[in-house]
Amino acid sequence: MRFPKLSRSLRQLSSHVLAIALGVVLTVSTLQVLPSQAEPAPPMTAGDTSKVIAQRQSPTTAAIGSTSFVTAAVNRVGTAVVRIDTERTITRRVDPSFEDPFFRRFFGDGFSQQMPSEQQLRGLGSGFILDKSGLVLTNAHVVDKADKVTVRLKDGRTFEGKVQGIDEVTDLAVVKINAGNDLPVAPLGSSNNVQVGDWAIAVGNPLGFDNTVTLGIVSTLKRSSAQVGISDKRLDFIQTDAAINPGNSGGPLLNGQGEVIGINTAIRPDAMGIGFAIPIDKAKAIAAQLQRDGKVAHPYLGVQMLTLTPDLAKENNTDPNSPIQIPEVNGVFVMRVVPNSPAASAGIRRGDVILQVDGKAITSAEQLQNFVEDSRLGQILQVKVQRGNQTQQLSVRTAELQNAS
């Protein structure tokens, strides 16, 4: 009875062994056939190796790499960025009431002598070296009216600075230091090539924290000083969200390659994360004039103005309390004429609307300001104005703006 069962087990074992053997043979034959059917793989080059490595990296690692582009940009310009310390002495007049006998009776005869008549004011700003001879570019408001200017380099060396020229209208100043010819120089880019969305790197000494770097982007271009709220300046700013704080003034704004594209100059106290920089192309032209002449002559007309649109004029005209009816046109509305100015001499009046200058249509106050700024001193401009329902052609000879404030 046991033999049939044994026989059956042997047959099953033989079947399993045969199946395993057949599988081994098929596998071996497949391994032998596949290489003969495939083309030989080409040798891997160094470029292919780098591609494979890049594919194996995470997106974050591949984007940042071993060294940040910000680090490379700052290293390129960092040693040329300087700290500028200023001192200014102001004299205070002692109140005459301190000499009154009634006052001296209570506080003593020597009290008025103890009152300080002079006070030291200290300031802090930034700047950067333009050339190896020691020219430093900064903001005018950093060094204006300073009795003493000290320039401190990143390596710790300090030099007395001499202000060579100040232009309040563009808020630029040139300071000279005598430090031999071994000074680092900041590489200058071109602000004409800057686009919205480009990287913006601010370098300076905000709040007294030396060698501080902040990163952002260019938010917009050609933001007029009137829009920023600085009516006494004639500038179209680069706007950035790179953090700019007090003490950053005069420091460079860099692009991603470490080139200076602007000079950090203005911050709005009511704005969060918005700063402004003077375009470097404008700064280079002003700096050359300051170095040569110590000042910059700016032509002016002598009007306070407002951009006018038909909708704005209509809104005014439909107001029953409006003191004046305004032509419903595109142009520049004259709000005030400065006495003894070129505009006053030419016969421009308050309430006029400037339509054209030298045959070119004028549609905004910023456009008119830029047109005058680009003109020559003493140049006669043909200004077309609308006064009520009539238009007039007036000749205005530009003069030099004497006081920015």
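Residues numbered from 1 in each chain as written. Predicted model: local features only at pLDDT ≥ 70, side-chain atom pairs only at ≥ 80, totals over all residues. Heavy atoms only, no water.

Please explain a negative patch on the surface as it appears in this structure.
There is a patch of like negative charges on the surface, built from Asp311, Glu315, Asp319 and Glu328. When you line up the elements, Glu328 lands in the loop between helix 10 (310-317) and strand 15 (331-337). (Patch = residues over 30% accessible without salt bridge, like charges linked within 9 Å, V, L, I, M, F, W, Y side chains within 5 Å. Areas by Shrake-Rupley, 256 points an atom, 1.4 Å probe, with all protein chains shown as cover. Salt bridge = Lys/Arg side-chain N within 4 Å of Asp/Glu carboxyl O. Lys, Arg positive; Asp, Glu negative; His and termini not counted. Charge placed at Lys NZ, Arg CZ, Asp CG, Glu CD. Helix = DSSP H or I, 4+ residues; strand = E, 2+ residues; numbered from the N terminus.)

When you look at the pattern of salt bridges in this model, what are you seeing that I'm missing?
Where charged atoms of side chains with opposite charge meet at close range, the side chains can pair. Taken as a whole and assessed by the stated rule, the structure comprises twelve salt bridges. Notably, a salt bridge pairs Lys145 with Asp144, separated by 3.2 Å at the nearest N-O pair. Measuring nitrogen to oxygen at the nearest pair gives 3.4 Å for the salt bridge that ties Arg292 to Asp293. Arg292 gets classed as exposed once you look at its relative accessible area, which sits at 57%. Beyond isolated ion pairs, a larger network of salt bridges with shared partners links Arg83, Asp85 and Asp210. (Buried < 20%, exposed > 50% of the residue type's maximum accessible area, 1.4 Å probe, protein only.)

Sorry if this is basic, but what is going on with the packing of aromatic side chains here?
For the coordinates displayed, the defined rule picks out two aromatic pairs. Seen in terms of ring centroids, Phe69 and Trp199 are 5.1 Å apart; in terms of plane orientation they differ by 45 degrees. Their pairing is tilted. Linking Phe69 in helix 4 (residues 69-77) with Trp199 in strand 7 (residues 199-204), this pair joins segments that are 130 residues apart in sequence. The exposure class of Trp199 is partly exposed, given its relative accessible area of 43%. With a centroid separation of 5.8 Å and an interplanar angle of 55 degrees, the aromatic rings of Phe237 and Phe276 are classed as tilted. Pair noted here: Phe237 is in strand 9 (residues 236-240) and Phe276 is in strand 12 (residues 275-279), with a separation of 39 residues, a long-range link. Of the residues examined, Phe276 reaches a relative accessible area of 3% and is grouped as buried. (Phe/Tyr/Trp six-rings, centres within 6.5 Å; stacked < 30°, edge-to-face > 60°.)

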